[in-house]
Amino acid sequence: MPVAEVEAPVPLRVLVRGDPVLRRLLTVTLVDTVGRGAFFTLTSLYLTTIAGVPAVAVGLGLTIAGGVGVLSSLAFGHLADRWSSRMMLVVLHVVQGLAVAAYVLVHDVVSLVVVASIVTLVQQGGSSVRSAAVGRAFPGEERVRIRATMRTVTNIGISAGTAVAAIPLAIGTGTAYRITLAAGGAFYLVSAVLLLGLPAARVDARARTAASPVEPGPSPYRDLRFLGVTALSGVFGIQFGLAEVGVPLWVVGHTRAPDVLVSALLLVNTGLVIALQVRLSRGTGDLRGAGRAMSRAGWLMAAACVVFAAAGWGSPLLATVALLVAAVLQAFAEILSSAAGWNLSFELAPPDRLGAYQGIYGTGYALGAMVAPAVVTLTAIDLGTPGWLILAVMFLASAAGLAAIARRAAVSKASVQP
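Residues numbered from 1 in each chain as written. Predicted model: local features only at pLDDT ≥ 70, side-chain atom pairs only at ≥ 80, totals over all residues. Heavy atoms only, no water.

Participant: So what about the overall build of the protein? Which residues, and what values?
Facilitator: When helices and strands are tallied, the protein shows 15 helices and zero strands. Its C-alpha atoms give the protein a radius of gyration of 22 Å, within 12% of the compact-globule value 22 Å for 418 residues. Taking the principal axes of its C-alpha atoms as reference, the protein extends roughly 65 × 45 × 40 Å. Among the 418 residues that make up the protein, the fraction classed as buried is 50%. For the protein, the exposed surface amounts to about 18,600 Å²; the carbon and sulfur share of it is 70%. (Helix = DSSP H or I, 4+ residues; strand = E, 2+ residues; numbered from the N terminus. Rg over C-alpha atoms; globule rule 2.2 N^0.38 Å. Buried < 20%, exposed > 50% of the residue type's maximum accessible area, 1.4 Å probe, protein only. Areas by Shrake-Rupley, 256 points an atom, 1.4 Å probe, with all protein chains shown as cover.)

This is the structure in structure tokens:
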């Protein structure tokens, strides 16, 4: 029996040049994230120093908004299977642009909760809709490469937005802050215009008509395997909270390394993701590859936790070296786990229920992000070295569970193929 030739994947540069849909999505991603980078850099400082909202109230308001984001991820994922994803993305971008600009009107905790909740609602909901659109627009293994490329562009855009935010930070006036926040909102309005050019035939769910009915697929709420993936991915996603909350607190309060190293660690993470996300995502386009990548990510993340803990026991030089090594290990874990998660979220979802399944998957990450500050501070910061070891075991166990699901799904898929 002749052996079928394996078609080599199209080089990414060729794919970008030849696919106007991909070029438009990447452009939208870049525009979005420049605005987002400026917005996130300035928000907390603007609220506390310019708007006069107490820091405790800011934390409360953003926590409430995070809960709204969890619900919106579910709701908009389901809607993306029924309505036009293209038009949903356009409307969500318009609302987000106006809501980001509305931060200049925030003056107390009530107005903060309202505005922050709208921003988080459309941001999390839009993420589910965008994931569904990408899943429909690109076939099979290409999806992971596309998501990896989009994530690289995301980091580039956020870095550029952070640089833009340095301008009002240097000027230090309320007017400079407000102009930059309004400009950040305008970026989303530009993206809304660009999204109008997406072809509905590629990104929207198939219409249900009498001539060609489309039976609804299984409910993600009854898919125990996918719910397991969602829960375990949410647990592993606490690594992002570790980088954003735990590491800065650990560096400043529990190591002898210079405080300025916090910025350097962030740059290490961003630089590695930009440079390596696409390259290291190769081989994760199938379930077996995703399982291997997830297993490696678990060991890398566990090792990072151990090295972070060791940084609390050394001299300034040793602490600095340990923190840099740990940041590199965490960046590699982040890159591999993201690629593996994208594959699992697409491959284990029925094609006609991509929106609902992506909504469920996004909810896992949203919940993980919501509890991450508490989990990280109660373990690594409050307990010290034992807490870091608890986190290491947690990351290793969640990664092992995801790798096992991927392996079993690959075997099951192979058994039903002719």
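Participant: Give a detailed account of the packing of aromatic side chains, specifying residues and quantitative values.
Facilitator: Overall, the coordinates contain ten aromatic pairs when judged by the stated rule. For the ring pair F236 and F395, a centre distance of 5.5 Å and an interplane angle of 70° mean the geometry is edge-to-face. Taken together, the residues span a long stretch of sequence, with F236 in helix α9 (residues 224-236) and F395 in helix α15 (residues 385-416) at a distance of 159 residues. This pair shows no difference in class: F236 is buried, exactly as F395 is. Seen in terms of ring centroids, W250 and W388 are 5.5 Å apart; in terms of plane orientation they differ by 70°. Their pairing is edge-to-face. (Phe/Tyr/Trp six-rings, centres within 6.5 Å; stacked < 30°, edge-to-face > 60°.)

Participant: Give a detailed account of helix α14 (residues 354-383), specifying residues and quantitative values.
Facilitator: An ideal rise of 1.5 Å per residue puts 44 Å on 30 residues; α14 measures up with 41 Å between its terminal C-alpha atoms. The largest bend along α14 reaches roughly 45° and is located at V371, with the proline P373 sitting one to four residues downstream. (Expected span 1.5 Å × (residues − 1). Bend = angle between axes of the 7 residues up to and from the residue.)

Participant: Could you give an account of the side chain of R86, naming the residues involved and the relevant values?
Facilitator: By the element assignment, R86 lies in helix α4 (residues 85-101). There is no salt bridge for the buried R86, and the closest opposite charge comes from D204, which lies 5.0 Å off by N-O distance. When neighbours within four sequence positions are excluded, R86 is seen to be in contact with L195, L196, L198, A200, V203 and D204. (Lys, Arg positive; Asp, Glu negative; His and termini not counted. Salt bridge = Lys/Arg side-chain N within 4 Å of Asp/Glu carboxyl O. Contact = heavy atoms within 4.5 Å.)

Participant: Before we move on, can you summarise the environment of F226 with the specific residues and values?
Facilitator: As for its position among the elements, F226 is in helix α9. On the basis of relative accessible area, F226 is assigned to the buried category, the value being 0%. A C-alpha to C-alpha distance of 8.2 Å links F226 and Y361, two positions 135 residues apart in sequence. For F226, the residues in contact, after removing those within four places along its chain, are L344, S345, L348, Y357, I360 and Y361.

Participant: Outline the nonpolar core, supporting the account with residue identities and numerical values.
Facilitator: Judged by nonpolar contacts, the single largest core of 80 residues is most densely connected at F138, L242, C305, L323, L348, W388 and F395. Of all hydrophobic cores here, the second largest spans 22 residues; its members include F39, A51, L112 and A116. (Core = buried A, V, L, I, M, F, W, Y, C linked by side-chain atoms within 4.5 Å.)

Participant: Outline empty space enclosed by the protein, listing residues and values.
Facilitator: This structure, assessed with the given rule, holds one cavity of 30 Å³ or more. Lining the largest cavity, in full, are S233, F236, M294, S337, G341, Y361, Y365 and L402. The set of elements that each furnish at least two residues to the lining of the largest cavity consists of α9, α13 (316-347) and α14. For the lining of the largest cavity, the class distribution of residues is five nonpolar, three polar and no charged. (1 Å grid on protein atoms, 1.4 Å probe; cavity = no way out; pocket = protein on both sides within 12 Å on 5 of 7 lines; lining within 4 Å. Points joined across faces, edges and corners; volume = space filled by probe spheres on them. Nonpolar A, V, L, I, M, F, W, Y, C, P; charged D, E, K, R; others polar.)

Participant: Please set out the side chain of D19 residue by residue, giving values where relevant.
Facilitator: Locating D19 in the fold gives a position in the loop between α1 (12-18) and α2 (20-50). In this structure the side chain of D19 is engaged in a polar contact, spanning 3.0 Å, whose partner is the side chain of R202. Not counting the four nearest positions on each side in its chain, D19 is found in contact with F138 and R202. (Polar contact = N/O pair within 3.5 Å; in protein donor to acceptor, adjacent residues only side chain to side chain.)

Participant: Would you mind going over the pattern of salt bridges in detail, with residue names and values included?
Facilitator: For the structure on display, the rule yields four salt bridges. With its nearest N and O atoms 3.0 Å apart, the salt bridge here joins D19 to R202. In this pair, D19 sits in the loop between α1 and α2 while R202 sits in helix α8 (residues 200-203), placing the two residues 183 residues apart along the sequence. For R202, a relative accessible area of 28% translates into the label partly exposed. Each of D81, R136 and R353 takes part in one network of salt bridges that share partners.

Participant: Could you give me a rundown of the packing of helix α3 (residues 55-79) against α14, with the residues and numbers involved?
Facilitator: Where α3 meets α14, the axes come as close as 6 Å, and the angle between the chain directions of the two elements is 170°. The orientation of α3 with respect to α14, classified from their angle, is roughly antiparallel. For the pair formed by α3 and α14, the contact residues are G66, G67, V70, S73, L74, G77 and H78 on the first element and G355, A356, G359, I360, G362, T363, A366, L367 and M370 on the second. Of the residues in the contact of α3 with α14, the class split is seven nonpolar, nine polar and no charged. (Axes fitted to C-alpha atoms, helices over the stretch in contact; angles between N-to-C directions. Parallel < 35°, antiparallel > 145°, perpendicular 65-115°, else oblique.)

Participant: Account for the packing of α2 against helix α7 (residues 174-195), naming residues and giving values.
Facilitator: Where α2 meets α7, the closest approach of the two axes is 9 Å, and the angle between their N-to-C directions is 155°. With respect to α7, the axis of α2 lies roughly antiparallel. Handedness of the α2/α7 crossing: left-handed. (Left-handed = near helix turned anticlockwise from the far one by under 90°.)

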